[in-house]
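Structural description and commentary
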Amino acid sequence: MKYVTTHYLYAIILLILFGYAYVADAAELSIETSSVEPYTGDEIVVTIFAQSEEPLNAAGATLTYPHDKLELKEIRDGGSRIHFWIQKEEVEPGAFTFSGITTGGFSGPKSNLISLVFVVREPGEIPLTLRDASLLRNDGEASNALTMVRNKILTSNPGEDNREVQYTVDEEIPEYFAPEIVRNETIHDGAPVLVFATQDKGSGMSHYEVREGWFAFFKPAESPYILEDAKLRKTIYVKAVDLHGNERIVMLPATNPLPAWWYAVYILGTFAVIAAILYVVRNLWRVWQKR
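Our subject in this report is the structure included herewith. Predicted, not measured: the structure shown is a model, and the values here were computed from it. (Residues numbered from 1 in each chain as written. Predicted model: local features only at pLDDT ≥ 70, side-chain atom pairs only at ≥ 80, totals over all residues. Heavy atoms only, no water.)

**Considerations on the packing of aromatic side chains**
- Enumeration over the complete set of coordinates arrives at 5 aromatic pairs.
- Relative to F215, the ring of W214 has its centre 6.4 Å away and its plane inclined at 70 degrees; by these criteria the two rings are edge-to-face. Each member of the pair W214 and F215 is classed as exposed.
- Among the aromatic side chains, those forming a connected cluster through ring pairs are F177, F196 and Y208.
- Sitting over the face of the ring of Y237, R211 holds its NZ or CZ atom 4.2 Å from the ring centroid.
- Positioned above the aromatic ring of F218, the side-chain terminus of K239 is 4.4 Å from the ring centre. (Phe/Tyr/Trp six-rings, centres within 6.5 Å; stacked < 30°, edge-to-face > 60°. Buried < 20%, exposed > 50% of the residue type's maximum accessible area, 1.4 Å probe, protein only. Lys NZ or Arg CZ within 6 Å of the ring centre and 35° of its normal.)

Shown next, in the form of structure tokens:
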């Protein structure tokens, strides 16, 4: 009897250990919504979370939904654990695909990946399903750690199509970031490339703009950005704009700035050209008046 009891005890310990190991290695994706029984005309937020006890460095999936019942209005990546997006778009009616990577890896019980804002258009059952999902380990091999996907089903009720929707006002500028200049023979033949990224905890990022030098204009840009000033003599400004129009501008000093005397010569030369133009215009004006 004691022999049997001891074996049962060993079996229970092994089961606990195996169960703990499974939980420790488990990684899952889940869907949460701002409402489970919305009315037609309501705005709902669908957020996709990752859960993992081990570090992850990439995530991706396709969210499918009935496009006759839900209309995608806005994509929010504010506070996302993904830093560099590869894709985040509605690839076809009723299917939104996202994928991206992060630096340094992330883990934890509830990591926000992305949020989507929908407007409910029709009453009825609304299944939200994640397919082609992956959570890649930060182990140098990018193995898939995903073990479970938790989908969700909503039930929408008939209601007014013009129901008043409460919109969130985002007045915070994007988070501070530090652009860097890198060179790599495998990227654009070794040309200097500007890399940058930041996050916005409110509405999410809209776009970036870059300006090279004091007298240039901001131009739309994506990271990595090929610099026009290959000699890196100009100060670089990067503007980050969120979905509500809030801006943050950061400056990267010139790597090889021109000497101070060059600017003095440039300013004096500019004044000389302006003076010459004014002199010619004045003489032409006098000649015209004598006619």
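**As for the pattern of salt bridges**
- For the structure shown, the criterion picks out 12 salt bridges.
- For K110, the salt bridge identified is with E32, shortest N-O distance 3.2 Å. One end of the pair, K110, is in strand 5 (residues 95-120); the other, E32, is in strand 1 (residues 27-33), and 78 residues separate them in sequence.
- Exposure remark for K110: the relative accessible area of 48% places this residue in the partly exposed category. (Salt bridge = Lys/Arg side-chain N within 4 Å of Asp/Glu carboxyl O. Helix = DSSP H or I, 4+ residues; strand = E, 2+ residues; numbered from the N terminus.)

**Details of the sheet that holds strand 10 (residues 193-195)**
- Spatial strand order, 9-10-13: 3 strands in an open sheet with antiparallel pairing. Pairing within the sheet leaves two strands with one partner each, and these edge strands are strand 9 (180-182) and strand 13 (225-226). (Pairing = 2+ DSSP bridges.)

**What about the sheet that holds strand 12 (residues 219-221)?**
- Ordered in space as 12-11-14-15, the 4 strands form an open sheet in which the pairing is antiparallel. Two strands close off the open sheet at either side, each with one partner strand: strand 12 and strand 15 (247-252). Strand-to-strand twist across the sheet, computed as the mean angle between neighbouring axes with direction ignored, equals 30 degrees.
- Summarising the sheet, strand 11 (residues 205-212) and strand 12 pair through 3 bridges and their orientation is antiparallel. For V210, the partnering residue across the bridge sits in strand 12 and is K219. (Axes fitted to C-alpha atoms, helices over the stretch in contact; angles between N-to-C directions.)

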